[in-house]
Amino acid sequence: MMAADGTIRHDWAIDEIIDLHKLPLLELVGRANAVHRMRHDPNKVQKASLLSIKTGGCPENCAYCPQSAHHREVDLTRDTLMDPESVVAMAATAKAAGAERFCMGAAWRQVRDGREFDAVIEMVEGVRALGMEACVTLGMLKPHQAERLATAGLTAYNHNLDTSPEFYGRIITTRTYQDRLDTLATVRSFGIDLCCGGIIGMGETIRDRASMLHVLAGMTPHPESVPINALVPVEGTPLAKQPVIDPLELVRMVATARLVMPASTVRLSAGRSNLNREAQILCLVAGANSVFYGDTLLTTPNAGIGEDAELFAAIGELECNHVSASAA
Ligand code: SAM
Ligand code: DTB
Ligand code: SF4
């Protein structure tokens, strides 16, 4: 069993990760917190704001996703790509409310060259000009597209593995795990940071969770950013009836991610609205150091800004700019 020494390793075995994950909870959280403190400011929680710049109608069939065109029963209004000016204005509002990072998501299978991609480039440039970090998630990318994003100053590209290679085929069949890995390698080759994580609570086993962490921790370097989402079951998706997970499962997943990727930013992502203040704080103690901030994620409700003001006040961040805005 490894000591909690914060060493960066890329050779974790799945069984080693499982052993960490099943440690007694207090031991696991204690070790994760020790590693966290070696590598990060324990009082700093980065606020990232999320905006759906193009909603719904996606050709992929991800079983969890309300934006897939395959799930016709979902109550969601499709929307075309937003215009860059409004997006950058929303980023400015989010910044005024305390967000340091602005993440823009498009329900695309892949990027296509043309007017829409040009508009996304403009959004990235605009967000960077505000002095914020910019992240986009646009589906699969070709090298020349990654290059354009890098030139526009993109900080990070979000592209999740979602689950283990073994469980993946139960969740998505319109693209392969290898497609995901190929896009990640393309992004990386242009010097853009990777934001890559997954979802728990889709019916996968603990071994699947460890196996996903094994793939992430096997990357050199580790993804700079690792979002850990808890499934938000959405009516009309194939996973609608999946029970909401126990918050302590999220605590274990965050802690294990922190132990195997000591220097990465671990983002407590979707599912936070099902966690009370204390459970969220436990996740932060266990090594999460970022949250999505604002009333909505992409299409589903997030923890509210008011509740987050209480959360940040409780952990001692007394200056929480309380600005009410949909993109904040
Ligand atoms: N189409 C792009 C893609 O899949 O890469 C970007 C958008 S997609 C909505 C971004 C991520 O959101 C997914 O990879 C998934 O991890 C997460 N996500 C989507 N729906 C979710 C849900 N209902 N619960 C939790 N996470 C979800
Ligand atoms: C990530 O891992 N989680 C965020 C962000 N990356 C793009 C998205 C969560 C989406 C939750 C479902 C929704 O609101 O549509
Ligand atoms: Fe499309 Fe992304 Fe949703 Fe999958 S997760 S259906 S690729 S928007």
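For the structure, see preceding data.
### Things to note about the side chain of Ser211
Argument step 1. With respect to the helices and strands, the residue Ser211 is situated in helix α7 (residues 206-217).
Argument step 2. Classification of Ser211 as buried rests on a relative accessible area of 3%.
Argument step 3. Non-local contacts of Ser211, meaning those with residues more than four positions away in its chain, are made with Ile14, Ser164, Pro165 and Glu166.

### Topic: the pairing of strand β8 (residues 265-268)
Argument step 1. On β8, burial covers both faces: Thr265 and Arg267 on one face and Val266 and Leu268 on the other are all buried.
Argument step 2. Pairing geometry for strand β7 (residues 225-230) and β8, over four bridges, is parallel. In the sheet register, Pro227 faces β8, and the bridge partner there is Arg267.
Argument step 3. Bridge count between β8 and strand β9 (residues 290-292): two bridges; the pairing is parallel. From the neighbouring strand, Arg267 faces β9, where its bridge partner is Ser290.

### Examining empty space enclosed by the protein
Argument step 1. Under the definition given, this model contains two cavities of 30 Å³ or more.
Argument step 2. Of the pockets and cavities examined, the largest cavity occupies roughly 860 Å³.
Argument step 3. Surrounding the largest cavity, 42 residues form its lining, Tyr64, Cys65, Gln67, Asn160 and Leu298 being those nearest its centre.
Argument step 4. Put simply, the parts of the chain that give the lining of the largest cavity at least two residues each are β2 (101-106), β3 (133-137) and β7.
Argument step 5. With four residues, the top contributor of residues to the lining of the largest cavity is β2.
Argument step 6. Here the residues of the lining of the largest cavity sort into 25 nonpolar, 12 polar and five charged.
Argument step 7. Within this model, the second largest cavity holds a volume of roughly 40 Å³.
Argument step 8. Ala230, Leu231, Val244, Ile245, Gly271, Asn274 and Leu275 together form the lining of the second largest cavity.

### A few points about the site of ligand 1
Argument step 1. Around ligand 1, the surrounding shell holds 19 residues, and the nearest of these are Thr137, Asn160, Asp162, Arg180 and Val232.
Argument step 2. In the model, a nitrogen atom of ligand 1 is placed 3.5 Å from a nitrogen or oxygen of the Ala106 main chain.
Argument step 3. Contact distances for ligand 1 include 3.3 Å between a nitrogen atom and a backbone N or O atom of Trp108.
Argument step 4. For ligand 1, the accessible surface in isolation is 560 Å², of which the surrounding protein chains cover 91%.
Argument step 5. Taken atom by atom, the bulk of ligand 1 overlaps the largest cavity.

### Overview of the pattern of salt bridges
Argument step 1. Following the criterion strictly, the structure yields 16 salt bridges and no others.
Argument step 2. Between Glu224 and Arg188 there is a salt bridge, and its shortest N-O distance comes to 2.9 Å. Placement of Glu224 in the loop between α7 and β7 and of Arg188 in helix α6 (residues 177-189) is noted, with a sequence separation of 36 residues between them.
Argument step 3. By relative accessible area, which is 26% here, Glu224 ends up partly exposed.
Argument step 4. Via salt bridges that share partners, Arg9, Asp11 and Glu16 belong to a single interconnected network.

### Digging into helix α5 (residues 143-151)
Argument step 1. Within α5 the residues assigned to the buried category are Gln145, Ala146 and Leu149. Along the long axis of α5, the arc covered by the buried residues comes to 100°, so they all point the same way.
Argument step 2. Those residues of α5 that are buried are in contact with α4 (115-129), β3, β4 (156-158) and α6.
Argument step 3. Residue Gly153 follows α5 closely and has a positive phi angle near 100°.

### Details of the packing of aromatic side chains
Argument step 1. Counting across every chain of the model gives two aromatic pairs.
Argument step 2. Ring geometry for Tyr168 against Tyr177: centres 5.0 Å apart, planes inclined by 80°, an arrangement best described as edge-to-face.
Argument step 3. Residues Tyr293 and Phe312 carry aromatic rings whose centres are separated by 6.0 Å and whose planes lie at 75° to one another, so their mutual orientation is edge-to-face. One end of the pair, Tyr293, is in the loop between β9 and α10 (305-314); the other, Phe312, is in helix α10, with 19 residues separating them in the sequence. Comparing Tyr293 with Phe312 shows no difference in burial state: the two are buried.
Argument step 4. Over the ring of Tyr293 we find Lys47; its NZ or CZ atom is 5.4 Å from the centre of that ring.
Argument step 5. Above the ring of Phe312, the side-chain terminus of Lys47 is found at 4.4 Å from the ring centroid.

About the thresholds
Residues numbered from 1 in each chain as written. Chains lettered and ligands numbered in written order. Predicted model: local features only at pLDDT ≥ 70, side-chain atom pairs only at ≥ 80, totals over all residues. Heavy atoms only, no water. Helix = DSSP H or I, 4+ residues; strand = E, 2+ residues; numbered from the N terminus. Buried < 20%, exposed > 50% of the residue type's maximum accessible area, 1.4 Å probe, protein only. Contact = heavy atoms within 4.5 Å. Pairing = 2+ DSSP bridges. 1 Å grid on protein atoms, 1.4 Å probe; cavity = no way out; pocket = protein on both sides within 12 Å on 5 of 7 lines; lining within 4 Å. Points joined across faces, edges and corners; volume = space filled by probe spheres on them. Nonpolar A, V, L, I, M, F, W, Y, C, P; charged D, E, K, R; others polar. Near = heavy atom within 4 Å. Polar contact = N/O pair within 3.5 Å; in protein donor to acceptor, adjacent residues only side chain to side chain. Areas by Shrake-Rupley, 256 points an atom, 1.4 Å probe, with all protein chains shown as cover. Sits in = over half its atoms within 2 Å of the grid points. Salt bridge = Lys/Arg side-chain N within 4 Å of Asp/Glu carboxyl O. Arc of directions from axis to C-beta. Phe/Tyr/Trp six-rings, centres within 6.5 Å; stacked < 30°, edge-to-face > 60°. Lys NZ or Arg CZ within 6 Å of the ring centre and 35° of its normal.

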